[in-house]
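Listed here are the chains, written in short residue letters.
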Amino acid sequence: MSRHDIIARIPGDEALRLAAIERYKLAGIGREPAFDRVARLTANLFGVPIALVSIVGSEMQCFRGACGLDVSGTPRDIAFCAFAILDIDVTVVSDARKDPRFIHNPLVTGPPNLRFYAGAPLRIDGRAVGTLCVADTRPRQFNFQDRKRLADLASTVVDLIELRVERFAAEDHQHQLDNERELLKLTVENVSEGVGLFDADLRLMLWNEDFARLLGYPVGAVTEGAAAAQLVYPVAARGDLGPGDPADIVAAMMASIRSSESRHLDLVRADGMTIEFRRRTLDDGRFIATVRDVTTERQIAHLKDELVSTVSHELRTPLTAIAGSLGLITAGAAGEIAPKAARLATIALRNAERLTGLVNDLLDMDRLHSGRINFSFAVEDLSQVLAEAVEQNEPFAQRNGVALELNAPPLTIMASIDHARFNQVISNLISNACKFSPHGSTVRVSLHARDDRVVVRVTDEGPGIGLDFRQRMFTRFAQEEGVHQAGHVGTGLGLAISKAIIDAHGGTIALDESYTDGAAFDILLPRL
């Protein structure tokens, strides 16, 4: 290249222009069939030997489509297109030998011996990333109509570029989906239970062998794209979902899928196997169904419940007698006893009362679990009920060095409750709060109305509930370990009993996980 050559200036938006080239994946060397076809069409339309779809990069102009040239590009500093991207309209060089910008250009002085050039800028996001250009080895004129036609063709190339990017994005998305599907498939195949994934149209996408086996489907009966209703019907027809018209059962289950986030039920097959079915609906409308064989678990749980019930009933009578006798002895009904014997009798009485409380909890849990407990509901003022519960638990709070505080509004807030059972729940929450609260702190019981609900809240200033324990704290015999337990002994039944009682009231009990100054339990009941 001669030292007399003139080099095109760098556009003011060069950084943004190069960014657009990268964003639309136009950088690099390589021709594409669609752009080659445009180049051939353009060359034929204007009767020229050369037509190019040229992208002007930072160092090179690369031909993404070409007709009449076999090279893949040229250096930017000798490219005619480097000047064309600076113009708003079509750039025309009628005779390069008479244009001071190109008279010494090696593309003019040597092969391909260019004389004529016309280039229309390709503008993407307002940036000229290259040109659609035509060239000839002899001088020629390019009138207004020619310029308009070339500009229109350049707009068509821009459309192709944008469609091309959309296609790339779709291909990338599909590739990502394929990878996710493969990963999900490997995950599903390696879990220890049956799993089925359904799309938003309730059609089966993925499943593993255990899913088909545990639900009793014949080999080959489960296929991709099968409708959920089609898969549920044979299960309902066998009676695994209970008595009733299979079509009605299927319709109810499909309605449940569309209206609720989750479902949990047990299926009892004709062969006696019990299958636990869980369904969870995702935010995008898809849902995951899991099934597992819980036959042994349910049998063990049934035997345990029977054992607990039997043992509890057998223990209650003698424990009552023992506690009563010890109470009489410590009260002096049997005459004066030595101080050491009195201390031992007091210790024995305290442990007998603790065992009696445990047996009563076991019996309550057994009756609640089997539905054999009777509730006596009446409309009551909750402010008075809570005041009574706080007063009853004041001695226990004092023994633990904790203050009790009741915050209730002056207005009357009524609800239908079983007085004794509701008091049992409040007492359990208060006693738990007192046990886990530091000395000198305050346990607060509050009451307020929220729309058509009544909210009873019990808060403490203790260590709170551990994250791992929160998922199972309302299950039977669940006890937390570590710093949150702090050496306190319990049966693990109090919260399970409380939840069952509140459920029977048509309400809910839950831990407020946003509360960070201790633990806060909220009871929500229907307000009258």
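Heads up: the structure comes first, above all this text.
Below: a short report on this structure.

Cut-off values and rules
- Residues numbered from 1 in each chain as written.
- Predicted model: local features only at pLDDT ≥ 70, side-chain atom pairs only at ≥ 80, totals over all residues.
- Heavy atoms only, no water.
- Helix = DSSP H or I, 4+ residues; strand = E, 2+ residues; numbered from the N terminus.
- Buried < 20%, exposed > 50% of the residue type's maximum accessible area, 1.4 Å probe, protein only.
- Pairing = 2+ DSSP bridges.
- Axes fitted to C-alpha atoms, helices over the stretch in contact; angles between N-to-C directions.
- Contact = heavy atoms within 4.5 Å.

## A short note on the overall build of the protein chain
Then, number 1: In terms of helices and strands, the protein chain carries 14 helices and 18 strands.
Then, number 2: Burial analysis of the protein chain (528 residues in total) assigns 43% to the buried set.

## Comments concerning the sheet that holds strand S13 (residues 403-407)
Then, number 1: Here we have five strands laid out as an open sheet, ordered S13-S15-S16-S18-S17, and mixed in their pairing. Each edge of the open sheet is held by one strand with a lone partner, namely S13 and strand S17 (508-511). The mean inter-strand angle of the sheet, taken between neighbouring strand axes irrespective of direction, is 15 degrees.
Then, number 2: Judged from the five bridges that link them, S13 and strand S15 (residues 442-450) form a sheet pairing that is parallel. Residue pairing across strands places Ala-403 opposite Thr-442, the latter belonging to S15.
Then, number 3: Against the sheet, helix H11 (residues 382-399) contacts S13, S15, strand S16 (453-459) and strand S18 (520-526), and its axis sits at roughly 175 degrees relative to S13.
Then, number 4: Running over the sheet, helix H14 (residues 494-504) touches S17 and S18 and is turned about 140 degrees from S17.

## Some points on the pairing of strand S7 (residues 194-198)
Consecutive residues of a regular strand have side chains that alternate between opposite faces of the sheet.
Then, number 1: In terms of burial, S7 is largely enclosed, as five of its five residues are buried.
Then, number 2: Burial along S7 is two-sided: Gly-194, Gly-196 and Phe-198 facing one way and Val-195 and Leu-197 facing the other are all buried.
Then, number 3: Across five bridges, the pairing between S7 and strand S11 (residues 287-293) is antiparallel. Note on S11: the bridge partner recorded for Phe-198 is Phe-287.

## Here's the deal with the sheet that holds strand S6 (residues 127-136)
Then, number 1: Spatially, six strands are ordered S3-S2-S1-S6-S5-S4 in an open sheet, and the strand pairing comes out antiparallel. Strands with a single pairing partner mark the edges of an open sheet, and in this sheet they are strand S3 (73-75) and strand S4 (91-93). Each adjacent strand pair in this sheet contributes to an overall mean axis angle of 25 degrees, direction not counted.
Then, number 2: Relative to strand S2 (residues 60-67), strand S1 (residues 50-56) runs antiparallel, the two sharing six bridges.

## What to know about unusual backbone geometry
Then, number 1: The step from Pro-111 to Pro-112 runs through a cis peptide bond, and the omega angle for that step is 5 degrees.
Then, number 2: Structurally, Pro-112 can be placed in the loop between helix H4 (106-109) and strand S5 (116-124).
Then, number 3: With phi around 60 degrees, Leu-202 is a residue other than glycine that occupies positive phi space.
Then, number 4: On the secondary structure map, Leu-202 appears in the loop between S7 and strand S8 (204-207).
Then, number 5: You will see that Asp-451, though not glycine, has its phi angle at about 55 degrees, which is positive.
Then, number 6: Asp-451 sits in the exposed class, given a relative accessible area of 71%.

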